[in-house]
Amino acid sequence: MLEHYFTNNEALKSELKIIDYKYKEHVFHFNSDNGVFSKNKIDFGSRLLVETFLNQNDKKIEKILDVGCGYGFMGIVLSKILKCSATLIDVNKRAVHLTKMNIKENRVEAESFVSDIYETVTEKYDCIITNPPIRAGKEVVLNILKNASIYLQEEGILWFVIRKDQGAKSIKKEIEKIYETNIVKKDKGFYIINAKKKLT
Ligand SMILES: C[S@@+](CC[C@H](N)C(=O)[O-])C[C@H]1O[C@@H](n2cnc3c(N)ncnc32)[C@H](O)[C@@H]1O
């Protein structure tokens with residue numbers, strides 16, 4: 001049977017590997033393994049999201065939520081550089097296990113737990129970031145993006161990456177009832193979009 005990176009297959013053989021990443025003077029090491037997204041290298045879209053965020057965000061961030069965290073690249077890098085606390089969630093148990101290892105490895109103020117979308121999330125955040133699981137289907141992606149508004153503080157902001165050929169424009173349109181959206185970067189067919197809750 002075809003296994004997706006988001007399915008929990010505990011029988012899948014473990015082959016731990018380390019992926020290095022550097023941003024300016026900050027050096028990071030990530031444990032990765034079979035059965036998680038982009039297991040051999042940092043995903044281009046995730047890297048573009050993090051680096052665009054670091055270049056463009058001018059808001060003071062204190063608490064960040066990384067939805068569909070994989071082995072924790074985005075939340076861990078932002079937590080370290082912005083000196084904010086991070087919560088990293090994923091439905092994939094192995095991804096959460098690796099994220100917990102990577103939180104320790106990179107010494108950041110963060111926590112990670114298993115969550116099917118927002119099922120076990122109880123707090124509110126000033127920023128939510130996600131490289132959503134396109135392969136899980138549009139319903140899951142829209143659930144992550146639309147319901148982020150429930151877990152964002154009043155002035156909170158959602159940042160996400162999506163490819164043009166994976167429906168970036170139609171997804172952006174579908175969330176425009178809830179958010180004011182901006183495409184803040186385009187590179188190699190990847191769009192970085194930020195979305196601010198419309199005031200009610
Ligand atoms: C495109 S990957 C991004 C991974 C990671 N953020 C990165 O940058 O490498 C999407 C992630 O969403 C997770 N995911 C899929 N369905 C989910 C769900 N229902 N709830 C939470 N996470 C989910 C997958 O396991 C995967 O780790």
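A few points on the structure. None of these values were measured; they are calculated from a predicted model.

## Details of the sheet that holds strand E8 (residues 179–187)
Point 1. Across the sheet, seven strands lie side by side as E5-E4-E3-E6-E7-E9-E8; this open sheet has mixed pairing. Unpaired on one side and paired on the other, strand E5 (110–114) and E8 mark the two borders of the sheet. Strand-to-strand, the axes of this sheet are offset by a mean angle of 15°, without reference to chain direction.
Point 2. Where strand E3 (residues 63–67) and strand E6 (residues 125–130) come together, four bridges link them in parallel fashion. If you follow isoleucine 64 over to E6, its bridge partner there is cysteine 127.
Point 3. Lying on the sheet, helix H1 (residues 44–56) is in contact with E6, strand E7 (152–163), E8 and strand E9 (190–197); it crosses E7 at an angle near 140°.

## Focus on the packing of H1 against helix H2 (residues 73–82)
Point 1. Put simply, H1 and H2 touch, their axes get as near as 10 Å, and they point 20° apart. The orientation of H1 with respect to H2, classified from their angle, is roughly parallel. As for the relative orientation of H1 and H2, their crossing is right-handed in sense. Judged by residue contacts, Ser46, Leu49, Val50, Phe53 and Leu54 of H1 engage Phe73, Met74, Val77, Leu78 and Ile81 from H2.
Point 2. Taken together, the residues of the contact of H1 with H2 break down into nine nonpolar, one polar and no charged.

## Points about helix H3 (residues 93–105)
Point 1. When the terminal C-alpha atoms of H3 are compared, their 18 Å separation across 13 residues agrees well with the 18 Å that a helix rising 1.5 Å per residue should span.
Point 2. Within H3, the full set of buried residues consists of Arg94, Ala95, Val96, Leu98, Thr99, Asn102 and Ile103.
Point 3. In this structure, the buried residues of H3 make contact with strand E2 (26–32), H2, strand E4 (85–90) and E5.

## Overview of the pairing of E7
Point 1. In terms of strand pairing, E6 meets E7 through five bridges, oriented parallel. Along E7, the bridge assignment pairs isoleucine 129 with tryptophan 159.
Point 2. For the handedness criterion, the β-α-β arrangement of E6, helix H4 (residues 138–147) and E7 is classed as right-handed.
Point 3. Bridge count between E7 and E9: seven bridges; the pairing is antiparallel. Paired with leucine 158 across the two strands is alanine 195, which belongs to E9.

The rules behind the values
Residues numbered from 1 in each chain as written. Predicted model: local features only at pLDDT ≥ 70, side-chain atom pairs only at ≥ 80, totals over all residues. Pairing = 2+ DSSP bridges. Helix = DSSP H or I, 4+ residues; strand = E, 2+ residues; numbered from the N terminus. Axes fitted to C-alpha atoms, helices over the stretch in contact; angles between N-to-C directions. Contact = placed C-beta atoms within 7 Å. Parallel < 35°, antiparallel > 145°, perpendicular 65-115°, else oblique. Left-handed = near helix turned anticlockwise from the far one by under 90°. Nonpolar A, V, L, I, M, F, W, Y, C, P; charged D, E, K, R; others polar. Expected span 1.5 Å × (residues − 1). Buried ≥ 20, exposed ≤ 12 C-beta atoms within 10 Å, placed from the backbone. Right-handed = clockwise from strand over helix to strand, strands pointing away.

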